[in-house]
Every structure is written in structure tokens, then in C-alpha cells.
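Observations on the three-dimensional arrangement
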Amino acid sequence: MRITEILSDVAAIKKWLDDHGVDKETYTINNDGSISSAPGRFLYLQKRNIVGKLPFRIREVSDGLSLSENYQLTSLEGVPSHIKGDFDMAFCKKLTSFEHGPEKVDGGVNATWSGLTSLKGCPKIINRHFDCDSCKITEIDDTPEHISEDWNLANNQITSLKGIEKLTRCDGSIYLSGNPIRSSVLGLLKIQNLTNVYFSPSDPEPMIQALNIIKKHLGKGRAGMIDAQQELMDNGLDEFAE
């Protein structure tokens, strides 16, 4: 499949947007060949058959951006570093990481059913939910610094929560069901304001036992971490206590 051409000529960009059915009321084209969303308008670029990366740079998004269902999109290059509003990249099946993506999202991030195998490059500030359900993530190799609502990591391939403590604050819950987690859950107790951890009755029994222990000690600081570590080891869950 032909890689989407990178455009810099204003006329060529307008033709691409028109040919791909993008509502002309939702954007403006800047003199430098970038585009900006119109004030207060959501920029819908979903289902536009984008191959590789965006054919132009987006300078500013004022009320949200959707790139969802671009099944051949492989890079977030061209996306602005700050998105005002929500950011949707669901069902981008060939998008494997957040690299070149936004650093701050004023709304939520929807990456469900994307091709994510890594969290590298994920936004550092997310002011609503962070939904990574049903991807192919195998490890916590990067995290935001702050999530203002829930983080959904359900139905991935995560075996260890090592590194999750890099998320310093989550003003909501973390969903972990459907992952074969076998080690390193103590980092959950280092996350400020975390209210709950969810899993499924069908998850592996050692994982359920370990996360139930973690839930008992949420919000108890260093003393809670020490107690949880001891309780994990007392129950033969030493790998979870790492």
C-alpha cells in the first residue's frame, strides 16, 4: 500500500482534506502548510485511509482530535504536543507506540483495540481517562505522570507491573483484568490518590490474591507498602513482592 504523501503546499492540503471528506468548518490551513482545528471544533480525521503518517502537520487542536480506524497508520508524527480536548486513536491496528504523539491531553485518551505493544512516548499529563483496553502491551515501559481519572489496561499481555510507580498520581482506578500478571505489584502503592484496582474472577488465582492484598493497603503510605510486602511473602507470593 502506498505511503501517504507528506504535503506542504496549501492547495494540495486543501485538496486532500476535501477528497477525504473532512468538514471544512472544522479546520484552517496555515501559511506554513500546517493545519489547526477551528476554535471550539473537534477535528475528525478517523477512517481517512492514512497510510504511514499524517500528510501534514497539525499545529493546534482546540477541542479534540480523532485518528481512529486508520488501520494503516504507523506513526503519530505530525500530531501536536498539546491537545485541548480528547485524543482518539482507537483501532489504529499498526500503531505500536505513542512516540511522536502528544505530551499533554486536556481530555481523555482512547487507544482501545490499537496495535500498541509499548507505552513509550505516552502523554505525560492526561486530564481525564486513559483507555488502553485490548491492545498488545507486554510491559510498563513508560507511564504518564498524572491521570485525572481511570487508567484501563485490561486485556493486554502484561506479566509484570514493574515500572508502574512512574505514574506519580492517578485520581481514579486502574483496571488490570485479562492480563497474566505474575510479579512486581508493589509499585501500585506508590501512586498517589489511586482509589481502586480492578481485576476479574477469571484472572489467575495468584494475581487475584496479590491484588487483593494491594487493595487493602492503598492510601497507607510507606507503612502500607511494608505491610503489603510482608503479607505477600507470608502467602508465598514472593515474585509479586519484588
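From a predicted model like this one, the values you see are computed outputs, not experimental measurements. (Residues numbered from 1 in each chain as written. Predicted model: local features only at pLDDT ≥ 70, side-chain atom pairs only at ≥ 80, totals over all residues. Heavy atoms only, no water.)

Looking at helix α1 (residues 10-19), one finds that the buried residues are I13, W16 and L17. In an axial view of α1, the angular spread of the buried residues amounts to 95°, which keeps them on one side of the axis. Exposed positions of α1 whose direction lies more than 90 degrees from the buried face are A11, K15 and D19. Taken together, the buried residues of α1 touch β1 (27-29) and β2 (35-37). Of the residues that open α1, the one with a side-chain oxygen 3.1 Å from the backbone nitrogen of A11 is D9. Directly after α1, the chain includes G21, whose backbone phi takes a positive value near 70°. (Buried < 20%, exposed > 50% of the residue type's maximum accessible area, 1.4 Å probe, protein only. Helix = DSSP H or I, 4+ residues; strand = E, 2+ residues; numbered from the N terminus. Arc of directions from axis to C-beta. Contact = heavy atoms within 4.5 Å. Polar contact = N/O pair within 3.5 Å; in protein donor to acceptor, adjacent residues only side chain to side chain.)

The next point concerns unusual backbone geometry. We note that H100 has phi near 75°; this positive angle belongs to a residue other than glycine. Looking at the secondary structure, you find H100 in the loop between β7 (87-88) and β8 (104-105). By relative accessible area, which is 53% here, H100 ends up exposed. The phi dihedral of S134 falls on the positive side, at around 60°, and the residue is not glycine.

The subject of this paragraph is the side chain of T112. Within the secondary structure, T112 sits in the loop between β9 (109-110) and β10 (125-126). On the basis of relative accessible area, T112 is assigned to the buried category, the value being 11%. Contact partners of T112, with chain neighbours within four places excluded, come to A90, F91, D131, D133 and C135.

This next bit is on the packing of helix α2 (residues 205-216) against helix α3 (residues 221-234). For the pair α2 and α3, the least separation of the axes is 9 Å and the interaxial angle reads 155°. Judged on the interaxial angle alone, α3 and α2 are roughly antiparallel. With respect to the hand of their crossing, α2 and α3 are arranged in right-handed fashion. On α3, the residues that touch A210, I213 and K216 of α2 are A228, E231 and L232. The class makeup of the residues in the contact of α2 with α3 is four nonpolar, no polar and two charged. (Axes fitted to C-alpha atoms, helices over the stretch in contact; angles between N-to-C directions. Parallel < 35°, antiparallel > 145°, perpendicular 65-115°, else oblique. Left-handed = near helix turned anticlockwise from the far one by under 90°. Nonpolar A, V, L, I, M, F, W, Y, C, P; charged D, E, K, R; others polar.)

Moving on, we come to the sheet that holds strand β6 (residues 82-83). The strand order across the open sheet formed by five strands is β6-β8-β10-β12-β14, and the pairing between neighbours is parallel. Only two strands of the sheet have a single neighbouring strand rather than two, namely β6 and β14 (169-170). (Pairing = 2+ DSSP bridges.)

This brings us to the sheet that holds strand β5 (residues 65-66). With respect to topology, eight strands assemble into an open sheet ordered β3-β5-β7-β9-β11-β13-β15-β16, the strand pairing being parallel. Each having just a single partner strand, β3 (43-44) and β16 (196-198) make up the two edges of the open sheet. Examined bridge by bridge, strand β15 (residues 173-175) and β16 share three bridges and lie parallel to one another. Bridge pairing links Y175 to Y198 in β16.

This part covers the side chain of N70. Locating N70 in the fold gives a position in the loop between β5 and β6. You can call N70 buried: its relative accessible area is 0%. A distance of 3.2 Å separates the side chain of N70 from the backbone nitrogen of I50, its partner in a polar contact. Once residues lying within four places of it in the same chain are set aside, the contact partners of N70 are L45, Q46, K47, R48, N49, I50 and C92.

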